[in-house]
Amino acid sequence: MTPAELVAQLAPSRLPPTMQAPGWPEYLALFGLGLLAGLVLAWLLSPLLGRRVSRAERIRRTRGLPAGERLLAIARICGGLPAALRPAAYGAAPPPPDAEIERIARRGR
């Protein structure tokens, strides 16, 4: 059986003749739906694709906090408190100035 004979044996389409061969309005509607789907996908992925805040910027954002809270926040950011800041965190030494805290925290462990 050839492909032409197979197509000839198929039942006729139940769609109206205008729907059997799409024209420019149908293509325009499909294009619009594609744009809408792309917009929704971009909106859903935007939290994952956004720029991440650098470690130095997160450390800089702790400036207004009291000394104890600031050292705790820096420990969370760095994954542990740098050794030079540990005496200040435990009250064995006064906390260093803000610029010094940031320099030590950026340098890391």
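The rules we used
- Residues numbered from 1 in each chain as written.
- Predicted model: local features only at pLDDT ≥ 70, side-chain atom pairs only at ≥ 80, totals over all residues.
- Heavy atoms only, no water.
- Helix = DSSP H or I, 4+ residues; strand = E, 2+ residues; numbered from the N terminus.
- Rg over C-alpha atoms; globule rule 2.2 N^0.38 Å.
- Contact = heavy atoms within 4.5 Å.
- Core = buried A, V, L, I, M, F, W, Y, C linked by side-chain atoms within 4.5 Å.
- Buried < 20%, exposed > 50% of the residue type's maximum accessible area, 1.4 Å probe, protein only.
- Polar contact = N/O pair within 3.5 Å; in protein donor to acceptor, adjacent residues only side chain to side chain.
- Arc of directions from axis to C-beta.
- Axes fitted to C-alpha atoms, helices over the stretch in contact; angles between N-to-C directions.
- Parallel < 35°, antiparallel > 145°, perpendicular 65-115°, else oblique.
- Left-handed = near helix turned anticlockwise from the far one by under 90°.
- Nonpolar A, V, L, I, M, F, W, Y, C, P; charged D, E, K, R; others polar.

Asks: Help me out: how do you make sense of the overall build of the protein chain in this one?
Replies: Helix and strand counts for the protein chain come out as seven helices and zero strands. For the protein chain, the C-alpha radius of gyration of 32 Å lies well beyond 13 Å, the compact-globule estimate for 109 residues. The dimensions of the protein chain, computed from C-alpha atoms along their principal axes, are 95 × 35 × 20 Å. Put simply, of all contacts in the protein chain between residues at least 6 apart along the chain, 39% involve residues at least 24 apart.

Asks: Is there a simple way to explain the nonpolar core in this structure?
Replies: One recurring pattern in soluble globular proteins is that nonpolar side chains are buried together. Formed by Ile 59, Leu 71, Ile 74, Ala 75, Ile 77, Cys 78, Leu 81, Leu 85, Ala 88, Ile 101, Ile 104 and Ala 105, the largest nonpolar core amounts to 12 residues. At the level of secondary structure, the elements contributing two or more residues to this core comprise α5 (67-78) and α7 (98-107). Here the element with the most residues in this core is α5; it accounts for five residues. Not counting residues within four places of it along the chain, the set of residues in contact with Ile 59 comprises Arg 70, Ile 74, Ile 77, Cys 78, Glu 102, Ala 105 and Arg 106.

Asks: What should I look at first to understand the side chain of Thr 62 in this one?
Replies: Here Thr 62 shows up in the loop between α4 (55-60) and α5. A polar contact of 2.6 Å, which involves the side chain of Thr 62, links it to the backbone oxygen of Ile 59. In this structure, Thr 62 is in contact with Arg 70, Ala 73, Ile 74 and Ile 77, ignoring residues within four places of it in sequence.

Asks: I would appreciate a short explanation of α7 in the present structure.
Replies: Among all positions in α7, only Ile 101, Glu 102, Ile 104 and Ala 105 are buried. Projected down its long axis, α7 shows its buried positions confined to an angular sector of 165°, all on one face. Opposite the buried face of α7, at more than 90 degrees from it, the exposed residues are Ala 99 and Arg 107. In the core, the buried residues of α7 are packed alongside α4 and α5.

Asks: Teacher, can you tell me more about the packing of α5 against α7 here?
Replies: In helix packing, the relevant descriptors are the interaxial angle and the interaxial distance, both defined with respect to the helix axes. Contact pair α5 / α7: the axes reach a minimum separation of 11 Å and the direction vectors enclose 20°. If you check the angle between α5 and α7, you find them roughly parallel. In terms of crossing hand, the pair formed by α5 and α7 is right-handed. Every residue of α7 that contacts α5 at Arg 70, Leu 71, Ile 74 and Cys 78 is listed here: Asp 98, Ile 101, Glu 102 and Ala 105. Looking at the contact of α5 with α7 residue by residue, the class counts come to five nonpolar, no polar and three charged.

Asks: Just checking my understanding: could you explain the environment of Arg 86 for this structure?
Replies: Looking at the element boundaries, Arg 86 is found in helix α6 (residues 86-89). For the pair formed by Arg 86 and Leu 71, sequence separation is 15 residues and the distance between their alpha carbons is 8.6 Å.

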